Amino acid sequence: MKNAKHILLMYAGTPVDRLPEEIRSRVEENPELKARLESQARVAGLMKLKNHEIPDEALEGRVRYRVGIRIRNGEHLRTASTLDALPDWARMVAVVVVMFGLSLLTHREMLEDPQVENDLQAAAQVEIVEPIPTDTGGPYLFQPDSFSTLVLNPDPAGEVWNLTPERRLKIEESLLELGLTETNRTQQVNTLPVMFQFP
Amino acid sequence: MSDTSELHYETMDEGEWVLRAQQGDMVAYDQLAAAYQGRIYGLLYNMTSNKEDAEDLLQEVFLKAYRALPKFKGNSSFYTWIYRIAVNRAINFVKKRKRRQALSLDDLDMGIERDPALVQMSSSDGPDRDIRLKELQEKLNKALQTLSEKHRTVVVLHDIQGLPHHEIGRIMGCSPGTVRSRLFYARQQLQAQLVDDRTS
């Protein structure tokens with residue numbers, strides 16, 4: 001004799017009135033089993049209705065035509081990347097791991113290169129040249145790599161008085177070209193906007 | 001590409017189509033595609049509940065099958081083999097799309113209207129008949145989308161497409177017993193979902 005669970009699994013989805021005689025009599029004796037089988041058959045019947053959703057008539061020709069074109073274009077030869085199948089986070093991790101591995105390899109190769117040792121020894125023997133002292137007084141620039149400001153220190157005790165006469169004359173001429181006289185320069189203008197051309 | 005001018009593809013059987021397609025005969029492959037595309041489209045559509053996605057996937061399945069055709073040894077029928085490709089592709093797609101709900105029910109052809117059982121169920125008279133049909137269609141699609149990919153697959157293959165348990169087992173790589181138990185569980189879920197929908 002088959003038990004209820006076995007009947008339920010084996011005949012789920014079949015309407016009770018279409019079950020084999022022996023099984024149907026067992027089911028009729030067990031109301032709970034019958035109710036569950038009927039419920040399964042009802043859902044299966046409802047799902048069968050979806051079978052009647054018909055695609056548009058042009059689909060058949062359209063798909064085959066496109067597949068034909070894609071095959072002729074060799075799309076089927078392009079192997080799909082394994083990365084495509086992975087979720088986004090896994091792809092990011094994979095990229096980071098690869099980059100880390102590459103940097104390790106490069107770093108190791110660099111350290112193991114005998115030329116590096118020679119270079120280090122040669123560098124140790126190079127005579128260190130002292131920087132040439134330069135005149136740091138006078139006008140100086142803020143933000144030398146952008147739109148900058150030429151600052152003249154109005155304090156007579158400050159850097160401006162350390163300018164060489166030639167440089168000072170040049171600045172004076174530039175200021176005059178800009179329409180700044182001796183008087184209004186000291187009273188009103190301490191900073192000048194200057195645009196530098198980059199090479 | 002082979003010379004196909006003297007061949008009568010209509011009289012060939014599936015085995016010959018497969019053989020010729022494996023040698024690069026596009027006409028033979030087109031015959032295979034024509035033979036199976038309706039059923040595979042049905043599978044893909046019911047898995048995705050979206051016409052455009054199903055059509056794109058159908059193209060991909062045929063491309064993938066063409067690429068893999070040289071590896072087809074004939075251990076299973078071509079039908080089982082290409083269905084397996086389609087099921088795997090659909091499951092992968094649905095997994096990726098999980099967070100994006102994309103039902104284009106408005107675009108569906110209403111071929112369902114021709115089903116006598118449904119017509120009776122949705123009361124053949126009355127101005128709201130079309131609305132009821134559409135509602136039912138929508139409910140079934142929504143309920144299907146609540147199932148896991150594997151449960152959805154068995155419902156689509158068995159209850160909608162009518163494949164036997166052992167065939168589904170071969171396609172999905174599991175035993176017929178597993179197919180039966182997944183089906184049972186899936187229908188319970190569907191029943192609960194449809195009842196919930198009705199009460200809400």
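Residues numbered from 1 in each chain as written. Chains lettered and ligands numbered in written order. Predicted model: local features only at pLDDT ≥ 70, side-chain atom pairs only at ≥ 80, totals over all residues.

**Regarding the overall build of chain B**
Here is step 1 of the chain: Each helix and strand counted, chain B has nine helices and zero strands in total.
Here is step 2 of the chain: The linear arrangement of helices and strands in chain B, starting from the amino end, is α-α-α-α-α-α-α-α-α.
Here is step 3 of the chain: In chain B, which comprises 200 residues, the proportion classed as buried is 36%.
Here is step 4 of the chain: Taking the intrachain contacts of chain B between residues at least 6 apart in sequence as the baseline, contacts between residues at least 24 apart amount to 61%. (Helix = DSSP H or I, 4+ residues; strand = E, 2+ residues; numbered from the N terminus. Buried ≥ 20, exposed ≤ 12 C-beta atoms within 10 Å, placed from the backbone. Contact = placed C-beta atoms within 7 Å.)

**Digging into the overall build of chain A**
Here is step 1 of the chain: If you tally the helices and strands in chain A, you get eight helices and three strands.
Here is step 2 of the chain: Secondary structure elements in chain A, listed N-terminal to C-terminal, are α-α-α-α-α-α-β-β-α-α-β.
Here is step 3 of the chain: Here chain A holds 199 residues, and 9% of them are scored as buried.

**Quick word on unusual backbone geometry**
Here is step 1 of the chain: Even without glycine at this site, Ser-49 of chain B takes up a positive phi of about 55°.
Here is step 2 of the chain: Looking at where Ser-49 of chain B falls in the secondary structure, it is placed in the loop between helix 2 (26-48) and helix 3 (51-68).

**Description of helix 7 (residues 149-160) of chain B**
All names here are of chain B.
Here is step 1 of the chain: When the terminal C-alpha atoms of helix 7 are compared, their 15 Å separation across 12 residues agrees well with the 16 Å that a helix rising 1.5 Å per residue should span.
Here is step 2 of the chain: Where helix 7 is concerned, the buried positions are His-151, Arg-152, Thr-153, Val-154, Val-155, Val-156, Leu-157, His-158, Asp-159 and Ile-160.
Here is step 3 of the chain: Positioned one or two residues after helix 7, Gly-162 has a phi angle of 75°, which is positive. (Expected span 1.5 Å × (residues − 1).)

**Here's the deal with helix 8 (residues 165-172) of chain B**
Residue and element names in this part refer to chain B.
Here is step 1 of the chain: Among all positions of helix 8, only Glu-167, Ile-168, Ile-171 and Met-172 are buried. One face of helix 8 carries all of its buried residues, which in axial projection span an arc of 125°.
Here is step 2 of the chain: Just past helix 8, the residue Gly-173 takes up positive phi, approximately 70°. (Arc of directions from axis to C-beta.)

**What to know about the nonpolar core**
Here is step 1 of the chain: Counting 57 residues, the largest nonpolar core has Ile-40, Leu-44, Leu-58, Ala-86 and Val-155 of chain B as its most contacted members.
Here is step 2 of the chain: Of all the elements, helix 2 of chain B adds the most residues to this core, at 11 residues.
Here is step 3 of the chain: If we skip the residues at most four places from it in the chain, Leu-58 of chain B touches Val-63 of chain A together with Gln-37, Ile-40, Tyr-41 and Leu-44 of chain B. (Core = buried A, V, L, I, M, F, W, Y, C linked by C-beta atoms within 7 Å.)

**Here's the deal with the interface of chain A and chain B**
Here is step 1 of the chain: Contacts between chain A and chain B engage 31 residues on the former and 33 residues on the latter.
Here is step 2 of the chain: Looking at the side of chain A that touches chain B, the elements with two or more residues in it are helix 1 (4-11), helix 3 (31-49) and helix 4 (59-72) of chain A.
Here is step 3 of the chain: Per-element accounting of the side of chain A that touches chain B gives the leading share, nine residues, to helix 4 of chain A.

**Some details on the confidence of the model for chain B**
Residues and elements named next belong to chain B.
Here is step 1 of the chain: In the predicted model, chain B carries a mean pLDDT of 81, and 77% of its residues have values of at least 70.
Here is step 2 of the chain: Between residues 102-116, whose pLDDT stays under 50, and residues either more than four places distant or in other chains, the model counts 36 contacts.
Here is step 3 of the chain: Here the complex is predicted with pTM 0.63, and the ipTM for its interfaces comes to 0.78. (pLDDT = per-residue confidence, 0-100.)

**Considerations on the packing of helix 2 of chain B against helix 3 of chain B**
Packed helices, taken two at a time, are described by the angle between their axes plus the distance between the axes.
All names here are of chain B.
Here is step 1 of the chain: Axis separation between helix 2 and helix 3 bottoms out at 9 Å; the angle between their running directions is 140°. By the angle between their directions, the pair helix 2 and helix 3 is classed as oblique. For the element pair helix 2 and helix 3, the recorded crossing hand is right-handed. Along its contact with helix 2, which presents Tyr-29, Ala-33, Gln-37, Ile-40, Tyr-41, Leu-44, Tyr-45 and Thr-48, the element helix 3 presents Lys-51, Asp-53, Ala-54, Leu-57, Leu-58, Val-61, Phe-62 and Tyr-66.
Here is step 2 of the chain: Residues of the contact of helix 2 with helix 3, tallied by class, amount to 12 nonpolar, two polar and two charged. (Axes fitted to C-alpha atoms, helices over the stretch in contact; angles between N-to-C directions. Parallel < 35°, antiparallel > 145°, perpendicular 65-115°, else oblique. Left-handed = near helix turned anticlockwise from the far one by under 90°. Nonpolar A, V, L, I, M, F, W, Y, C, P; charged D, E, K, R; others polar.)

**A few points about the environment of Val-16 of chain A**
Residue and element names in this part refer to chain A.
Here is step 1 of the chain: Take Val-16: it is sitting in the loop between helix 1 and helix 2 (21-29).
Here is step 2 of the chain: With 16 C-beta atoms packed within 10 Å, Val-16 lands in the partly exposed category.
Here is step 3 of the chain: Once the C-alpha coordinates of Val-16 and Leu-37 are considered, the two residues, 21 residues apart in sequence, prove to be 7.0 Å apart.
Here is step 4 of the chain: Other than its neighbours up to four places away in sequence, Val-16 contacts Arg-24, Val-27, Lys-34, Leu-37, Glu-38 and Ala-41.

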